[in-house]
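Summary of the model geometry
The lines below spell out each chain.
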Amino acid sequence: MTDETQQPPDENKLIAERREKLKALRAGGVAFPNDFVPDAFAGDLQAEFADKERWGAEALEALGRRVRVAGRMLAKRQMGKASFAQLQDVTDRIQLFLQQAALGEAAYDAFKGYDIGDIVGAEGVLTRTKTGELSVKVDALRLLTKALRPLPDKWHGLADVEQRYRQRYVDLVVTEDARRVFKLRSRVIGFIRQWLEAAPRRFMEVETPMMHAIPGGATARPFVTHHNALDIDLYLRVAPELYLKRLVVGGFDRVYEINRNFRNEGVSTRHNPEFTMLELYQAYATYNEIMDITEGMIRETAQAALGRTALTWEGRDIDVGAPFKRWPMEQAVREMNPEIGEHELRDRDALARHCARLGIHVKPGYGRGKLLTELFEATVEASLIQPTFITQYPTEVSPLARANDADPGITDRFELFIGAKEIANGFSELNDPEDQAARFLAQVAAKDSGDDEAMHFDHDYIRALEYGLPPTGGLGVGIDRLVMLLADVPSIRDVLLFPYMRPEA
RNA sequence: GGGCCGUUAGCUCAGUGGUAGAGCAUCGGACUUUUAAUCCGUUGGUCGAUGGUUCGAGUCCAUCACGGCCCA
């Protein structure tokens, strides 16, 4: 027997008492019955009978509506021969009204032994109590699952954030706001799928590999894993981009994928090693149409998931209902840094001097595009509260984007910032196989000189481009960050059911 | 990686170098319309870990672990 199979070391008196109750349940028959079938949800009942004037106690008694509800018992108030309990299911809570006379003495005595946190099934007629609370007047009650561990304090809830993340199952039971956020997340993702697939957009959802022999599609360090049978290292994907564009080569003109990416980087309030990304590709579109799609999707998702486009995030008002500003990067940097002359924007040494003046740490290998991007991040990004597309990223920092026809130093690319956070990234795809091969070579050179985030050369991807990628626009949206914005929570951990945590000691 | 803060009963938290505390929960009792029910009584501790200073450490010091916030 290994350590992993030992009893948990945190046994205590409360658990011991409940184990005794479970022992008695086992002695009495099936301790974990699975034959109770509820026929109603608390939330549906609360909604249907919300009108207290129409559905007073008399009207409900006359209606005689029998329901079977099941859920976790979160409150228990005993008053001699009558008791109240609060049942919580996935939709909402509903009160149980239990009287010894209606339930029978044996069942009522059994109920006295139930603990907060137990999962119960109840059957009875709907009523409304003196204080106006919709309730089930229970005439049959069953303990479906005995909870051995006590729940946190019903009033203060679970305040220890570490325990909230590690034991999300407890957090979800007791923290209303956690349930709100994850229900919102589900609605957001569901709506986005539906919106993308609906006419006139007609995108098709696909699944591409999570394990890559050559990591690609983003400049990021990958996780490495190993395939034993083949004895080769594989990389968890940092982005699905190159596979999705292969599908466009294959004729799937409008594809999208919502799934996990993995990046071997630090953990922070904005970064988790695995995170969820939407990527989509539309043939015969440019980054301008992709900006339109991005803007429409976010606006309509907010409307669908929240019922409004006026948001509050981190105490700031953000309106995704108004048209999103589109602002070329060079122009933004110039406006926020009047002391940088227009002619200096394309002068590597001048940009390096400005970076030094502003205390921005740069490496000798940085070209003028990378330096401009550093200046942008240091002096512009924090001010981008309202939705803003920053356009025309330098070619140097955009190895997969199409160079601008009139100005090959920049690309037909944008990033969307909302609340000073990067939410989306999109561009007209680079479909010139010879240009792409040259860009890969530049990335390989950067990797050889020590940039471990630089990309690998993907020969098959070049081969695919050589068969012909139609002119295509692409988009990536950080779903976690979008949900953070819509849910008004400050940390990515609050929108991940199980955020990454170091193993417990 | 750096700075600051935190870790005490199941939960939420006090605790100023000198007997380990409170509220809720638990357990026992009363109570047939409660909403954090109420009332009476009761139990519950490896003070994150290790080492040090001290007559004496939850408290001071060091190291480590885990977490939070900020910075890179």
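Residues numbered from 1 in each chain as written. Chains lettered and ligands numbered in written order. Predicted model: local features only at pLDDT ≥ 70, side-chain atom pairs only at ≥ 80, totals over all residues. Heavy atoms only, no water.

1. Details of the UniProt feature "binding site: Mg(2+) 2" (unreviewed entry) in chain A
Which entries qualify depends on this criterion: UniProt positions are given in the numbering used here, feature names are shortened, and annotations may be inferred rather than shown by experiment. A run of H or I in DSSP becomes a helix once it reaches four residues, and a run of E becomes a strand once it reaches two; helices and strands are each numbered from the N terminus. To sort residues, take the accessible area from a 1.4 Å probe on protein chains only and compare it with the maximum for the residue type: under 20% means buried, over 50% means exposed, and anything in between is partly exposed. The contact criterion used throughout is that any non-hydrogen atoms of two residues lie within 4.5 Å.
The feature "binding site: Mg(2+) 2" (unreviewed entry), as given by UniProt, occupies Glu422 in the numbering adopted here. Following the sequence through the fold, Glu422 ends up in strand E17 (residues 421-428). We classify Glu422 as partly exposed; its relative accessible area is 31%. With residues near it in sequence (within four places) discarded, Glu422 still touches Glu415, Leu416, Phe417 and Arg481.

2. Quick notes on the confidence of the model for chain A
Should pLDDT be low for a region, the predicted coordinates there are not to be read in detail. Heads up, the rule is: pLDDT gives the predictor's per-residue confidence on a scale running from 0 to 100.
Chain-level statistics for chain A give a pLDDT mean of 94 and a share of 98% at 70 or above. Long-range and interchain partners of residues 1-7, a stretch whose pLDDT sits below 50, account for two contacts in this model, where long-range means more than four residues apart. Across the interfaces of the predicted complex, the ipTM metric reaches 0.92, alongside a pTM of 0.94.

3. As for the protein's contact with RNA strand B
Rule in force here: The rule for a residue being near a molecule or strand is that one of its heavy atoms must lie within 4 Å of it. Two N or O atoms count as a polar contact when they lie within 3.5 Å, although within protein this holds only if one can serve as hydrogen donor and the other as acceptor, and sequence-adjacent residues are included solely when both atoms are side-chain atoms. Each residue is assigned to one class: nonpolar for Ala, Val, Leu, Ile, Met, Phe, Trp, Tyr, Cys and Pro, charged for Asp, Glu, Lys and Arg, and polar for all the others, Gly among them.
Near RNA strand B lie 41 residues; those nearest to it are Lys13, Glu17, Thr129, Thr131 and Glu162. When the atoms of RNA strand B within 4 Å of the protein are grouped by moiety, sugar and phosphate amount to 61% of the total. At 2.8 Å, a side-chain N or O of Arg77 approaches a base oxygen of RNA strand B. Asp160 is positioned such that a nitrogen or oxygen atom in its backbone is 3.0 Å from a phosphate oxygen of RNA strand B. It is helix H6 (residues 161-166) that contributes the most residues to the surface near RNA strand B, five residues altogether. Of the residues belonging to the surface near RNA strand B, the class tally is 15 nonpolar, eleven polar and 15 charged.

4. Re the UniProt feature "binding site: Mg(2+) 1" (unreviewed entry) in chain A
According to UniProt, the "binding site: Mg(2+) 1" (unreviewed entry) feature falls on Glu415 and Glu422. With respect to the element layout, Glu415 can be found in strand E16 (residues 413-418). With a relative accessible area of 7%, Glu415 lands in the buried category. With residues near it in sequence (within four places) discarded, Glu415 still touches Thr388, Phe389, Ile390, Tyr393, Glu422, Ala424 and Asn425. For Glu415, the side chain forms a polar contact with the side chain of Tyr393, separated by 3.3 Å.

5. Topic: the layout of surface pockets
Heads up, the rule is: Computed over the protein atoms alone on a 1 Å grid, cavities are sets of points where a 1.4 Å probe fits but cannot get out and pockets are open sets with protein on both sides within 12 Å along at least five of seven lines; a residue lines them when it has an atom within 4 Å of a point. Grid points are joined across faces, edges and corners, and a volume is the space filled by probe spheres set on the points.
Space inside the second largest pocket adds up to approximately 640 Å³. Forming the boundary of the second largest pocket are 23 residues, of which Asp10, Arg149, Gln167, Tyr169 and Val170 lie nearest the centre. Elements with a minimum of two residues in the lining of the second largest pocket: helix H1 (13-27), H6 and helix H7 (168-174). No other element matches H7, which puts three residues into the lining of the second largest pocket. A per-class count over the lining of the second largest pocket returns eleven nonpolar, four polar and eight charged.

6. As for the nonpolar core
Heads up, the rule is: What we call a nonpolar core is a set of buried Ala, Val, Leu, Ile, Met, Phe, Trp, Tyr and Cys residues that are connected through their side-chain atoms within 4.5 Å.
Counting residues in hydrophobic clusters, the biggest one holds 48 residues, and the most contacted among them are Ile192, Leu196, Leu278 and Val477. Non-local contacts of Ile192, meaning those with residues more than four positions away in its chain, are made with Ile258, Leu278, Met297, Thr301, Ile479 and Leu482. Counting residues in each nonpolar core, the second largest holds 26 residues, with Ala40, Phe49, Leu134 and Leu141 among its members.

7. Describing the pairing of strand E12 (residues 310-313)
Residues in a regular strand project their side chains so that they alternate between the two faces of the sheet. This is how it is decided: When DSSP finds at least two bridges between two strands, those strands are taken to pair.
Where burial is concerned, the two faces of E12 differ: the one with Leu311 and Trp313 is buried and the one with Ala310 and Thr312 is not. Of the strand pairs in this sheet, E12 and strand E13 (residues 316-319) are connected by four bridges, and their pairing is antiparallel. Bridge pairing in E13 links Ala310 to Asp319. Following E12, the chain reverses through two residues before pairing antiparallel with E13; Glu314 in that reversal takes a positive phi of roughly 55 degrees.

8. Notes on the sheet that holds strand E3 (residues 93-99)
How we decide: For every element, the axis is a line fit to its C-alpha atoms; helices are fit only across the contacting stretch, and the angle between N-to-C directions ranges from 0 to 180 degrees.
Spatial ordering of the closed barrel is given by E1-E2-E3-E5-E4, a layout of five strands whose pairing is mixed. Pairwise comparison of adjacent strand axes, ignoring direction, gives a mean angle of 55 degrees for this sheet. Alignment of strand E1 (residues 66-79) against strand E4 (residues 119-128), held across seven bridges, turns out to be antiparallel. Within E4, the position partnered with Arg66 by the bridge is Val125. Along the sheet face, helix H5 (residues 105-112) touches E1, strand E2 (82-88), E3 and strand E5 (134-145) and points at about 60 degrees away from the line of E1.

9. Quick look at unusual backbone geometry
Note the cis peptide between Ala199 and Pro200, where omega equals 10 degrees. Its location among the elements puts Pro200 in the loop between helix H8 (176-197) and strand E6 (204-205). A positive phi angle, close to 55 degrees, is found at Glu314, a residue other than glycine.

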